[in-house]
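Chains, contacts and geometry: an overview
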Amino acid sequence: MSEATPETLVIEFRAAEQLLNARDPRGALKLLDTVVAAHPENTAARLLRARAFFLGAQLRPAEMEFQTVLEREPDNAFAHFALARTLQRADRKDEARRHFRLAAALDPRPDFVEAADFDPPRSS
């Protein structure tokens, strides 16, 4: 196997994006493992890898990657939202709600605000 160069790592990252868009999280993960191993500080690669884990229903690794991204970028609204979706799928609704609300507070996109469910239940 040849040594990874900056150029090949960029190609692998872009190919992983395409594989993820084509709903092939396993293929994307194979490429992203190399990229993250070469550059563990690369937040974009970790975020893409977290998404691949999520789409592959590997919830614990997805959670860990999203947490790593948030340690580095606590104001990353998308990472909060994606972590919330991950926690929601793992039936950890209270933890998910916190991250949905953080995402909406950081970026009031309609889908983030809707997921945050800020409206209290109405009594009759």
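Residues numbered from 1 in each chain as written. Predicted model: local features only at pLDDT ≥ 70, side-chain atom pairs only at ≥ 80, totals over all residues. Heavy atoms only, no water.

Looking at an unreviewed UniProt entry, one finds the protein named Tetratricopeptide repeat protein, with Streptomyces marispadix as its source organism.

So, the overall build of the protein
From N to C terminus, the protein includes seven helices and zero strands. Ordered by position from the N terminus, the helices and strands of the protein form the series α-α-α-α-α-α-α. When the backbone C-alpha atoms are referred to their principal axes, the protein occupies close to 65 × 25 × 20 Å. Looking at the protein as a whole, 37% of its 124 residues are labelled buried. The contacts in the protein between residues at least 6 apart in sequence include a share of 41% that link residues at least 24 apart. (Helix = DSSP H or I, 4+ residues; strand = E, 2+ residues; numbered from the N terminus. Buried < 20%, exposed > 50% of the residue type's maximum accessible area, 1.4 Å probe, protein only. Contact = heavy atoms within 4.5 Å.)

Digging into helix H2 (residues 25-38)
For H2, with 14 residues, the first-to-last C-alpha span of 20 Å sits near the 20 Å given by 1.5 Å per residue. Taken as a whole, H2 has its buried residues at Pro25, Gly27, Ala28, Leu29, Leu32, Val35 and Val36. Of the surrounding elements, those touching the buried residues of H2 are helix H1 (6-21) and helix H3 (43-55). (Expected span 1.5 Å × (residues − 1).)

Comments concerning the environment of Thr68
By the secondary structure assignment, Thr68 is in helix H4 (residues 59-72). Separated by 30 residues in sequence, Thr68 and Ala38 place their C-alpha atoms 16 Å apart.

Re the side chain of Glu63
Following the sequence through the fold, Glu63 ends up in helix H4. Residue classification places Glu63 among the buried positions, given a relative accessible area of 8%. Look past the residues within four positions of Glu63 in its chain and what remains in contact with it is Leu83, Thr86, Leu87 and Arg92.

Focus: the pattern of salt bridges
This structure, assessed with the given rule, holds ten salt bridges. The partner of Arg49 in a salt bridge is Glu65, with the nearest N and O atoms 2.3 Å apart. Within this pair, whereas Arg49 is found in helix H3, its partner Glu65 is found in helix H4, the two being separated by 16 residues in sequence. Linking Arg92 and Glu63 is a salt bridge whose minimum nitrogen-to-oxygen distance equals 2.7 Å. Residue Arg92 is located in the loop between helix H5 (77-89) and helix H6 (93-106), and its partner Glu63 is located in helix H4; the two are separated by 29 residues in the primary sequence. Put simply, Asp33, Arg46, Arg49 and Glu65 are held in one network by salt bridges that share partners. (Salt bridge = Lys/Arg side-chain N within 4 Å of Asp/Glu carboxyl O.)

Notes on the packing of aromatic side chains
Evaluated as defined, the whole model comprises two aromatic pairs. Taking the centre distance of 4.5 Å and the plane angle of 25° together, the rings of Phe81 and Phe112 count as stacked. Separated by 31 residues along the polypeptide, Phe81 in helix H5 and Phe112 in helix H7 (residues 110-116) bring together distant segments of the chain. Here Phe112 falls in the buried class, since its relative accessible area comes to 1%. Taken together, Phe81, Phe100 and Phe112 form an aromatic cluster joined through their ring pairs. Directly above the ring of Phe54 sits Arg89, whose terminal nitrogen or CZ lies 4.6 Å from the centroid. Geometry around Phe112 places Arg109 over its ring, the cationic atom sitting 4.2 Å from the centre. (Phe/Tyr/Trp six-rings, centres within 6.5 Å; stacked < 30°, edge-to-face > 60°. Lys NZ or Arg CZ within 6 Å of the ring centre and 35° of its normal.)

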